[in-house]
Amino acid sequence: MKKIPHRIYLSEDQMPTQWYNLRADMKELPDPIINPATGRPATEEDLYPVFCKELAHQEMDNTTRYVPIPEEILEFYRMYRPSPLIRAYNLEKMLDTPARIYYKFEGNNTSGSHKLNSAVAQAYYAKEQKLRGVTTETGAGQWGTALAEACSFFHLPLTVYMVKCSYEQKPFRKSVIQTFDADIIPSPSDTTQVGKKILAENPGTTGSLGCAISEAVEKATTTEGYKYVLGSVLNQVLLHQSIIGEESLLAMQTIDEYPDIIVGCAGGGSNLGGLIAPFMRDKLTGKADPRIIAVEPASCPSLTRGKYAYDFCDTGKVTPMARMYTLGCDFIPSANHAGGLRYHGMSPILSKLYHDGYMEAVSAEQTKIFETAIEFAKQETILPAPESAHAIYGAVQEALKCKETGEAKTILFGLTGTGYFDMVAYQSYMDHTMTDYIPTDEELEASFAKLPKIPGIQ
Ligand SMILES: *Cc1c(COP(=O)(O)O)cnc(C)c1O
């Protein structure tokens, strides 16, 4: 048999030209989002004050199976896609496993993550609608960077609210975002009503994604010609990220492979939703039955310990409510959690699939994640983002099981990005000052008790 190369590349003209909408094949759809003003399912028009029209349409479109990618977006993708699928020969050797491990590497662009795939789409549609600008939030900074790149390409002004503790921990993220001309404000801030309120109630707060979202939404809805854009969780973002999975499937076909197990890290669910999209299609349509595993931080365990309930997507409770696995929109992970994936909820699409038994979830403590990240870097010469290292960890656990059973399974995981801006966290791991914080049941119960009450629903 011919040896499979280390890097399995698709050519530019093999790049998919359509996004795949998983909802079109789901047996049961995620529950509708609810407009908090009416307590009724939101309509596409309800979303127009916040999102640009085409994106509101994509958000609500449960039936169009394939969405053509506009030529301008394809042209942008071609600067860094198709991304490589890599056979982790050295990792396999180190683990002494019969498993064949592949990873799809999305860190080959300046944002250092998969986020650019959706950023360019969202900036493009905003420009098409002739908006004057957009606002967003960023946690670890990859989304802010990706969106700044995309907005600068399309000459669209951007204001980024960055979670304060990341803003302070990662000063160079700020500089990169500014390099691409975006304005950046640490959140919570006094530039919005909701920011002022959060600061008054919680003066020492280091911020959270939920707070930053509230601020960005308020800024967008109170500034003429502005809309808000979000880099994860939403249906539209999973749609754009499906290019990751479609490319992975095509690349695996060129070497006659198909994954038995697919592993991804899960924050808001966008990379995982994108990676698994075509494999979940096969699962939903009965063509194949791969295992799908989400890996999340033990400090922010929305799938493994959260409740499947309607909740706000932000702390300020200004966004529609979605039914998802959630820790409660007031949940803020411990400040010593450095590994990203800090969002309180999970994509409604993935939440529904998980709830219906189509996928599994595990959690891991951050010291284990950094240990795995460093081993991986030494074997494969890519310094992973801590977020991505959750997926590596999950894949390694499965490969070690294969070692015990002697089964030569094919494992695919998503290596979502690089970790050059996470060196403060890497250093604290190496200095043994990094600790693990796992929320207690009492803390989670206190947070669940504050979930919104919706008459007739929950
Ligand atoms: C944002 C990010 C994630 C997590 O977000 P998802 O929406 O869950 O994919 C994972 N890895 C990297 C590198 C990221 O930037």
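Parameters at a glance
Residues numbered from 1 in each chain as written. Predicted model: local features only at pLDDT ≥ 70, side-chain atom pairs only at ≥ 80, totals over all residues. Heavy atoms only, no water. Helix = DSSP H or I, 4+ residues; strand = E, 2+ residues; numbered from the N terminus. Rg over C-alpha atoms; globule rule 2.2 N^0.38 Å. Buried < 20%, exposed > 50% of the residue type's maximum accessible area, 1.4 Å probe, protein only. Contact = heavy atoms within 4.5 Å. Areas by Shrake-Rupley, 256 points an atom, 1.4 Å probe, with all protein chains shown as cover. Lys, Arg positive; Asp, Glu negative; His and termini not counted. Charge placed at Lys NZ, Arg CZ, Asp CG, Glu CD. Axes fitted to C-alpha atoms, helices over the stretch in contact; angles between N-to-C directions. Parallel < 35°, antiparallel > 145°, perpendicular 65-115°, else oblique. Nonpolar A, V, L, I, M, F, W, Y, C, P; charged D, E, K, R; others polar. 1 Å grid on protein atoms, 1.4 Å probe; cavity = no way out; pocket = protein on both sides within 12 Å on 5 of 7 lines; lining within 4 Å. Points joined across faces, edges and corners; volume = space filled by probe spheres on them.

### Notes on the overall build of the chain
For step 1, the next point in the chain: Helix and strand counts for the chain come out as 17 helices and 17 strands.
For step 2, the next point in the chain: Taken against the 2.2 N^0.38 rule, which gives 23 Å for 458 residues, the C-alpha radius of gyration of the chain at 20 Å falls within 12% of a compact globule.
For step 3, the next point in the chain: Overall, the C-alpha framework of the chain stretches about 65 × 50 × 50 Å when taken along its three principal axes.
For step 4, the next point in the chain: When burial is assessed residue by residue, the chain has 63% of its 458 residues classed as buried.
For step 5, the next point in the chain: For the chain, the share of sequence-separated contacts (at least 6 apart) that also reach a separation of at least 24 residues comes to 76%.
For step 6, the next point in the chain: Put simply, the chain shows about 17400 Å² of open surface, and 52% of that area lies on carbon and sulfur atoms.
For step 7, the next point in the chain: The positive charge centre, built from 43 side chains, and the negative charge centre, built from 56, are 0 Å apart in the chain.

### A word on the packing of helix 8 (residues 193-201) against helix 9 (residues 209-221)
For step 1, the next point in the chain: Across the interface, helix 8 lies against helix 9 with an axial gap of 8 Å and an inter-helix angle of 150 degrees. Overall, the two elements helix 8 and helix 9 adopt an arrangement that is roughly antiparallel. Contacts from Gln-193, Val-194, Gly-195 and Ile-198 in helix 8 reach Cys-211, Ser-214, Glu-215 and Glu-218 in helix 9.
For step 2, the next point in the chain: The residue inventory of the contact of helix 8 with helix 9, partitioned by class, reads three nonpolar, three polar and two charged.

### Some words on empty space enclosed by the protein
For step 1, the next point in the chain: Scanning the entire structure with this criterion turns up five cavities of 30 Å³ or more.
For step 2, the next point in the chain: Lining the largest cavity are 42 residues, with Lys-115, Ala-140, Leu-209, Leu-341 and Glu-387 positioned closest to its centre.
For step 3, the next point in the chain: Elements that contribute at least two residues to the lining of the largest cavity include exactly strand 8 (133-138), helix 5 (142-153), helix 6 (164-169), helix 9, helix 11 (270-284) and helix 15 (386-405).
For step 4, the next point in the chain: A class-by-class count of the residues in the lining of the largest cavity yields 14 nonpolar, 22 polar and six charged.

What is shown is where atoms sit, not what they do.
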